[in-house]
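Read off the chains here:
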Amino acid sequence: MDKSVRIIATAPHGCADLLAEELCRMGISATRQRWGGAEFEGPLEQAYAACLWSRLANRILLPLAEFDAPTPEALYAGAREIDWSAHMDTESTLAVDCLALRSPITHSHYAALKVKDAVVDQFRSRENKRPSVDVQRPDLRINVRLSGDRATVSLDLSGESLHRRGYRRDGHEAPLKENLAAALLLRAGWLEVAASGGALLDPMCGSGTLVIEAALMAGDCAPGLTRAHFGFLEWKQHQPAIWDALLSAARQRRRAGLQTLPEIAGSDSDERAVQRAQTNAVRAQIDGHVRFQQCDLQYARAMGGHAGLLVTNPPYGERLGEERALRALYAGLGEVMRTRFAGWKAAVFTGRPELGRYLGLRAVLTNKFNNGPIECRLLRFELEERYFAAPPPEQSERRSEEHTCELQSPDHLVCRLL
């Protein structure tokens, strides 16, 4: 392999510019933003570093070939031209992922099967043996992108999406992916707040993803250190010495960085959510550096000696009958932010941006993101009196009805009328 390789890094929707900036901060200077992510050229070490250090990327891809593929037969022929023996052998396992965008080949699963057939047929014709398929943990994961009549076939060096850091394992956890949480923190200005010694609080923390990502970021902890697997580890051209050196340097940086963390905390009214958050912090190897406690939203207080960041992801209230409870929740959150966090910054990530008016605050900036299929907004605030807004009429209705709302977790809102 040449000393310089071309690498494509994919990112969640709305994060391409953040990813390009992140790669530049890593010292990867030849970075170009592209639709869906960024790309760069450099030594293989930079691809490994992106796998280890990127907080935003979904996948790190090494393109092997690009060719015209207007038909499944053309896709098969182009994939079979690649010398797969340079990357794997008959004892290896493989899996193929495919994304089709405006392609004449409309069935992505069928396209993936054609590429798989091309690989195994090449080995069978040469050695009369073929590699096996393992869709869960293959030795080599192949990525196919169909765009119009063109196909790009790449090795997936990440193996599985990099948002899977390894510290969240509970299937009941809220669906805020780790790399999306990191993107929200970057948009909210957490790096600047942390650099000035400011604290961070998530008063509706759920399983703790925002808090843990904030600690990893401020503590200079590589997010890939807690992953058990990367897609390049069984690749025939893997260079273990380079990877081991990167791991060693990252561990040293983590030890030093965790000693300088500002105060970072999360709270939730649901005891089970707090327990999950604490367990996740242990898996993320930052227990003892963040604090979680069971606490109702109304008791949230500012902490630390400097102005900090309040960031949270309230429930979206997708079930019928929750609208009034959600309005009360947002009104209560806004009251807490206005009265107890003066001088702080705040960021509220919501799939119901129309509820933002119940906060009684004017957002200084708004950013669009997608949380899975849900179009969301990150509402950013400066908690200063000049940004306070008059509450809507519904807020006074909430007071007259005298009820309290308890947040059980970011996914479950229960309203108890008195």
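These figures come from a predicted structure and were not determined experimentally. (Residues numbered from 1 in each chain as written. Predicted model: local features only at pLDDT ≥ 70, side-chain atom pairs only at ≥ 80, totals over all residues. Heavy atoms only, no water.)

Now for the pattern of salt bridges. In this structure the tally under the stated criterion is 23 salt bridges. Here D97 makes a salt bridge to R141, at a shortest N to O gap of 3.2 Å. Placement of D97 in strand β5 (residues 93-101) and of R141 in strand β7 (residues 140-147) is noted, with a sequence separation of 44 residues between them. Where R253 meets D220, a salt bridge forms, and the shortest distance between an N and an O atom there is 2.8 Å. Residue R253 is found in helix α8 (residues 240-257), and its partner D220 is found in the loop between α7 (209-218) and α8; the two are separated by 33 residues along the sequence. Overall, D220 belongs to the partly exposed group, its relative accessible area being 26%. (Salt bridge = Lys/Arg side-chain N within 4 Å of Asp/Glu carboxyl O. Helix = DSSP H or I, 4+ residues; strand = E, 2+ residues; numbered from the N terminus. Buried < 20%, exposed > 50% of the residue type's maximum accessible area, 1.4 Å probe, protein only.)

Below, the discussion takes up the sheet that holds strand β10 (residues 264-268). Strands belonging to one sheet form pairs held by backbone hydrogen bonds; the direction of such a pair is parallel or antiparallel. Taken together, the 7 strands give an open sheet; going across it, the order is β11-β10-β9-β12-β13-β15-β14, and neighbouring strands pair in mixed fashion. This sheet does not close on itself; its edge strands, each paired only once, are β11 (291-294) and β14 (365-371). Put simply, the sheet's adjacent strands are angled 20 degrees from each other on average, direction ignored. Both strand β12 (residues 309-312) and strand β13 (residues 345-350) contribute to a ladder of 4 bridges, which runs parallel. In the sheet register, V311 faces β13, and the bridge partner there is A347. Taken strand by strand, helix α5 (residues 178-187) contacts β9 (200-202), β12, β13, β14 and β15 (374-382), and its axis lies near 175 degrees from that of β14. Along the sheet face, α7 touches β9, β10, β11 and β12 and points at about 175 degrees away from the line of β10. (Pairing = 2+ DSSP bridges. Axes fitted to C-alpha atoms, helices over the stretch in contact; angles between N-to-C directions. Contact = heavy atoms within 4.5 Å.)

Tracing the backbone through its elements, the reader meets N367 in strand β14. In this structure N367 comes out as buried when scored by relative accessible area, which is 15%. Among the polar contacts made by the side chain of N367, one reaches the side chain of R380 at a distance of 2.9 Å. Setting aside its immediate chain neighbours within four residues, N367 contacts R187, C376, R377, L378 and R380. (Polar contact = N/O pair within 3.5 Å; in protein donor to acceptor, adjacent residues only side chain to side chain.)

What follows deals with the sheet that holds β5. With mixed pairing, 8 strands are arranged side by side in an open sheet as β2-β3-β1-β4-β8-β7-β5-β6. Of all strands in the sheet, those with a lone pairing partner are β2 (31-34) and β6 (132-133), marking the two edges. Bridging between strand β4 (residues 59-68) and strand β8 (residues 150-156) involves 7 bridges; their strand directions are antiparallel. What sits directly across from D68, in β8, is R150. The strands that helix α1 (residues 16-25) touches are β1 (5-10), β2 and β3 (37-42); relative to β2, the one it contacts most, it runs at about 170 degrees. Here helix α4 (residues 108-127) sits on the sheet and contacts β5, β6 and β7; the angle it forms with β5, its principal contact strand, is near 140 degrees.

What characterises a pair of aromatic rings is the spacing of the ring centres plus the angle enclosed by the ring planes. Counting across every chain of the model gives 7 aromatic pairs. Ring geometry for F230 against F232: centres 5.5 Å apart, planes inclined by 15 degrees, an arrangement best described as stacked. Of the two residues, F230 and F232, both sit in the buried class. Here F349 and F369 contribute two aromatic rings whose centre-to-centre distance is 6.2 Å and whose plane-to-plane angle is 80 degrees, an arrangement assigned as edge-to-face. Of the two residues, F349 is situated in strand β13 and F369 in strand β14; the sequence distance between them amounts to 20 residues. An aromatic cluster is present here, built from Y48, F230, F232 and W243 joined pairwise through their rings. (Phe/Tyr/Trp six-rings, centres within 6.5 Å; stacked < 30°, edge-to-face > 60°.)

Looking only at helix α3 (residues 72-80), the buried set comprises P72, L75, Y76, G78 and A79. Projection of α3 onto a plane perpendicular to its axis shows the buried side chains occupying an angular sector of 170 degrees, all on one side. Summarising the contacts, the buried residues of α3 are in contact with β4, α4, β7 and β8. (Arc of directions from axis to C-beta.)

This part covers the packing of helix α2 (residues 44-53) against α8. Viewed as axis vectors pointing N to C, α2 and α8 meet at an angle of 40 degrees, and their least axial separation amounts to 10 Å. Regarding the angle of α2 to α8, the classification is oblique. In this structure, α2 meets α8 at a crossing whose hand is right-handed. Residues E45, Y48, A49, L52 and W53 of α2 form the contact with α8, whose participating residues are I242, W243, L246, L247, A250 and R253. Along the lines of polarity and charge, the residues of the contact of α2 with α8 split into 9 nonpolar, no polar and 2 charged. (Parallel < 35°, antiparallel > 145°, perpendicular 65-115°, else oblique. Left-handed = near helix turned anticlockwise from the far one by under 90°. Nonpolar A, V, L, I, M, F, W, Y, C, P; charged D, E, K, R; others polar.)

The buried count for β10 comes to 5 of 5 residues, which makes it a mostly enclosed element. The alternating pattern of β10 places I264, G266 and D268 on one face and A265 and S267 on the opposite face, and all of these are buried. Bridge analysis of β9 against β10 gives 3 bridges, and the strand direction is parallel. Residue pairing in the sheet places L201 in a bridge with A265 of β10. The sheet contact formed by β10 and β11 spans 4 bridges and is parallel. Opposite S267, over in β11, you have Q293 as the bridge partner.

A few words on α8. Its 18 residues give α8 an end-to-end C-alpha distance of 25 Å, which sits within 8% of 26 Å, the value for a rise of 1.5 Å per residue. When we look at burial in α8, the residues that qualify are W243, L246, L247, A250, R254 and G257. Across the axial projection of α8, the buried residues extend over an arc of 100 degrees, all falling on one side. Projecting away from the buried face of α8 at angles above 90 degrees are the exposed residues A241 and R255. (Expected span 1.5 Å × (residues − 1).)

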